[in-house]
There are 2 protein chains.
Amino acid sequence: MKKRIFTPGPTPLPEEVRVSQVREIIHHRTSEFSKIFEEVCQGLKYVFQTKNDVLILTASGSGAMEAAVANLLSPGDKILVTTQGKFGERWTEIGEAFGLKVIPVDTRWGKAADPGKIEQKLVENDKVKAVFTQLVETSTGVVNDIQKIGKIVEKTPAVLVVDAISGLGAEPLLTDEWNVDVVVAGSQKALMLPPGLSFISLSEKAWKMVENSTLPRYYWDLKKAKNSLAKGQTPYTPAVSLICALRESLRLIREEGWDNVLKRHFLLAEATRRGVSALGLELFGEPPSNVVTTIALPQNIDEKILRKKLREEFGVIVAGGQGELSGKVIRIAHLGWMDKLDVIGVISALEMCLNDLGYPVEFGHGVKEAEKVLTGKI
Amino acid sequence: MKKRIFTPGPTPLPEEVRVSQVREIIHHRTSEFSKIFEEVCQGLKYVFQTKNDVLILTASGSGAMEAAVANLLSPGDKILVTTQGKFGERWTEIGEAFGLKVIPVDTRWGKAADPGKIEQKLVENDKVKAVFTQLVETSTGVVNDIQKIGKIVEKTPAVLVVDAISGLGAEPLLTDEWNVDVVVAGSQKALMLPPGLSFISLSEKAWKMVENSTLPRYYWDLKKAKNSLAKGQTPYTPAVSLICALRESLRLIREEGWDNVLKRHFLLAEATRRGVSALGLELFGEPPSNVVTTIALPQNIDEKILRKKLREEFGVIVAGGQGELSGKVIRIAHLGWMDKLDVIGVISALEMCLNDLGYPVEFGHGVKEAEKVLTGKI
């Protein structure tokens, strides 16, 4: 049976990316590598929508999150963290691990970060150095209003740091235009690569903060990475094969066009939402993102059994709930190398599995609504 | 966009097969190769359902068809050929190229070969040396009753030669039990390999005929191939990487079990037939095979436009009509490395494309019927 992965990372790999992984390794201290490296760094600026350098770290997304904290701040600094799910909590954990004073801006799981609350906390607390948030909170599937948050933070001395690990490519993010100072992304999402690389961009305002930051860092030293980049290199051995794969995926993205990548994510997400809703299932989270659709399971449907059935009978891998949503939801990603028939497949598999589990679903009904969206007839 | 191939060969490749193709080549005159070769020859006996040797030719299926003719017969010999479509005609063309006297047993395109007619022709014509037919006539999608034909030919001095190129693995074929003297198969069908290899088995009755045959042959010399096989070798350089890939596909087949492979083909074919019929489309050919479903297109639907739309909007590649069916049908294969959601995908794509072309199709209706079949609720 074919495996069909619908998790919000890792996501499926395009053939060009897969094939690139079997090529012979090249050495990184060569002009051959530098040429590739410079090409991908340019390509990353395009997808980050920034004129600033995008640095590549050989680490998964959480590593780049730590790098953001370690390079911007100093012991005892005050930071604001929006928490609307598991990944919001991660910023808090990193901040605390580095001895920062974390001021939470809590939101109920399933809701977006509240820009008004952020503004209020920035007024109430002086000397806040940075505001940390997510583009998309992957654990709930909710998208935050980064443009609005950007407008608020811009007016303060604080920098805005956005974890766009799952969101980049699925949701619009105009880094420079929206005054987002630091953006963090990962390879195994809309960038259609295996895990192992993360990416980070810094605005001028952020680089100035790096100058004054005294938190300890070595592997995460972004200034060193920026200096190496100017020479077409990385400070430490990079994940060479993943960088070669990145060249392939960025070429595919350029071919499709970044706007079309975003439009495709919207279309597939909308088809999934309509299809799932037509089955009488409730969506969880508001506003829902184009990364992943979170479905609140009916009382009598066991999450583990449903996921097992999807996996064993149809090769369909979806995500379960995390943290307080554990056991209560399933999450279907429509992220990265996905197309219309992938969405049809996962909805059809859901119809068949739910029916088998005794949930009253009319065969073909979810697919029907999805088809309307996919053909523009809704 | 993903490519999704629904043609009756080549068929999609399982990951194990694809990965095997990037391994370093090995030399064929080595014990390393012989070990692999012996393993695959054993595996082929299992899928051919025969105790006789199955010989491997580096050639596509038509090559093995020619080998059958060149090894069994002598100039001027009389042969019977059933013609129920394009591939039936191929036996005639080969026979005539080799100076044989071909007695046709014609059937209308879309019907199966008529065992009664074969019996009658065998009575009317003396000294018929061989009866040539197809397990599945791929051009119409029809399956022949080989068991019945076997019972008829068995009682005569003639041998029965079955082109099972597209049918092997999708339709039952009990080579020994049904007294099929020669079976020809190809790699790019239910055996889930790229094109480039063909396979042929011969009964004792057939080998005796080889002894007396005087048609010229060199590359196709099956006696030489049989002698080499005893030494774990081929007479000429074989397609080494394809034979290594064959080891992978035969392992997958053994794991799934040959009976289950056949059952899966039936299930997917039945779901396709029911789904397509539910859209008000007419199936062509009787009885339909589990290799490919042939759909008679409505008057106002242009075959070329429909296929282009399927390809460009959904990455779905289906076959058109051949010979006298050209422009009148499309053919959707459910052959080889295919699963339930592949069938759902192609039916959904068909729904969306037909609707767009103005054919009155209710979204989700074909998928609904297919889902019933796939879940055993019909």
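Description of the structure in this document.

Procedures and definitions
Residues numbered from 1 in each chain as written. Chains lettered and ligands numbered in written order. Predicted model: local features only at pLDDT ≥ 70, side-chain atom pairs only at ≥ 80, totals over all residues. Buried ≥ 20, exposed ≤ 12 C-beta atoms within 10 Å, placed from the backbone. Helix = DSSP H or I, 4+ residues; strand = E, 2+ residues; numbered from the N terminus. Pairing = 2+ DSSP bridges. Axes fitted to C-alpha atoms, helices over the stretch in contact; angles between N-to-C directions. Parallel < 35°, antiparallel > 145°, perpendicular 65-115°, else oblique. Left-handed = near helix turned anticlockwise from the far one by under 90°. Contact = placed C-beta atoms within 7 Å. Least-squares fit on C-alpha atoms with pLDDT ≥ 70 in both. Expected span 1.5 Å × (residues − 1).

What follows covers the pairing of strand β15 (residues 329-333) of chain A. Residue and element names in this part refer to chain A. Counted residue by residue, β15 has 5 buried out of 5 residues, so it is predominantly covered. Both faces of β15 are covered, namely the face carrying Val329, Arg331 and Ala333 and the face carrying Ile330 and Ile332. Pairing analysis gives 5 bridges linking strand β12 (residues 292-296) to β15, with the strands arranged antiparallel. Across the sheet, alanine 296 pairs through a bridge with valine 329, a residue of β15. Of the strand pairs in this sheet, strand β14 (residues 319-320) and β15 are connected by 2 bridges, and their pairing is antiparallel. Following the sheet pairing, glycine 320 is matched in β15 by isoleucine 330.

All names here are of chain A. Orientation of helix α10 (residues 258-278) relative to helix α12 (residues 340-356), taken along the N-to-C sense of each, is 20°, at an axis distance of 10 Å. On the basis of their axis angle, the class for α10 and α12 is roughly parallel. The crossing of α10 and α12 is right-handed. Of the residues in α12, those in contact with Leu268, Ala271, Thr272, Gly275 and Val276 of α10 are Lys340, Val343 and Ile347.

With that out of the way, let us pick up the environment of proline 115 of chain A. All names here are of chain A. Looking at the element boundaries, proline 115 is found in helix α5 (residues 115-124). Separated by 127 residues in sequence, proline 115 and leucine 242 have C-alpha atoms that sit 37 Å apart. With near-sequence residues (within four places) excluded, proline 115 lies in contact with Asp145, Lys148, Ile149 and Ile152.

Turning our attention to the relation of the copies chain A and chain B. For these two chains of identical sequence, chain A goes onto chain B by a turn of 180° and a shift of 0.0 Å along the axis, with RMSD 0.0 Å. Read as a symmetry element, the transformation amounts to a two-fold axis. When each C-alpha of chain A is compared by its distance to the rotation axis, glycine 364 of chain A comes out closest, at 2.4 Å. A share of 100% of the interface residues of chain A reappears at the interface of chain B, consistent with the copies meeting face to face through the same patch.

This part covers helix α3 (residues 61-72) of chain B. All names here are of chain B. Its 12 residues place the ends of α3 17 Å apart at the C-alpha level, agreeing with the 16 Å of an ideal helix rising 1.5 Å per residue. Judged by how many residues are buried, α3 sits mostly within the fold: 10 of 12 residues are covered. Among all positions in α3, only Gly61, Ala64, Met65, Glu66, Ala67, Ala68, Val69, Ala70, Asn71 and Leu72 are buried.

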